[in-house]
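An overview of the molecular structure
One letter stands for each residue in the lines below.
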Amino acid sequence: MLKKGNKLYSILTGSCPRCHKESMYVDKNPYHMGKIFEMHERCGHCDLKYKIEPSFFYGAMYVSYAVGIAFAVAAFVIANLFLGASLITTFIAIIGTLVVFMPVIMRISRNIWINMFVKYDAKATLHNTSR
């Protein structure tokens, strides 16, 4: 299920959407807050330019909203339905989940956004791609 060539692989690992050989991010840990948005300019393996155009990742904000809702619904289901927490406790669990997972949500949203526009190419290398 989670192997190279699958968009889910690139989304969950933050690897280059074209070749899946290298991480798009300077620091793979999203919880290093000072470096959360720092990305390499290009892939070192296939030379894909990550910031396709100025402000390219603004669209990831819309994806972030949907991913945040998914996390909130998951927190609600776990807290209220499985654990039987009160409505106030469930609300606190949702807020806590969103705060704790916000760096992950932002990274996943960027990964989803770029994967919507770039197709995987197993043969992509520096020698056969154009800039």
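Residues numbered from 1 in each chain as written. Predicted model: local features only at pLDDT ≥ 70, side-chain atom pairs only at ≥ 80, totals over all residues. Heavy atoms only, no water.

Moving on, we get to a nonpolar patch on the surface. On the surface, Phe76, Ile78, Leu81, Phe82, Leu83 and Leu87 cluster together into a nonpolar patch covering about 710 Å² of accessible area. Within the element layout of this structure, Phe82 appears in helix H2 (residues 60–82). Looking at Phe82, the relative accessible area reads 66%, which means it is exposed. (Patch = residues over 30% accessible without salt bridge, like charges linked within 9 Å, V, L, I, M, F, W, Y side chains within 5 Å. Areas by Shrake-Rupley, 256 points an atom, 1.4 Å probe, with all protein chains shown as cover. Salt bridge = Lys/Arg side-chain N within 4 Å of Asp/Glu carboxyl O. Helix = DSSP H or I, 4+ residues; strand = E, 2+ residues; numbered from the N terminus. Buried < 20%, exposed > 50% of the residue type's maximum accessible area, 1.4 Å probe, protein only.)

What follows covers unusual backbone geometry. If you check the backbone angles, His20 has positive phi at about 60 degrees while not being a glycine. The residue His20 is located in the loop between helix H1 (7–13) and H2 in this model. If you check the backbone angles, Asp47 has positive phi at about 70 degrees while not being a glycine. Structurally, Asp47 is set in the loop between H1 and H2.

Here the focus is the UniProt feature "transmembrane region" (unreviewed entry) in the chain. Those residues carrying the UniProt feature "transmembrane region" (unreviewed entry) are residues 56–79 and 85–106 in this numbering. Taken end to end, residues 56–79 is 83% helix and 0% strand, and its first and last C-alpha atoms sit 36 Å apart. (UniProt positions renumbered as here; feature names shortened; annotations may be inferred.)

This part covers the nonpolar core. Counting 19 residues, the largest nonpolar core has Cys16, Cys43, Cys46, Leu48, Tyr50 and Ile114 as the members making the most contacts within it. Listed by contribution, the elements that provide at least two residues to this core are H2 and helix H3 (87–115). The contacts of Leu48, once residues within four sequence positions are left out, are Cys16, Pro17, Arg18, Glu41, Arg42, Cys43 and Val118. (Core = buried A, V, L, I, M, F, W, Y, C linked by side-chain atoms within 4.5 Å. Contact = heavy atoms within 4.5 Å.)

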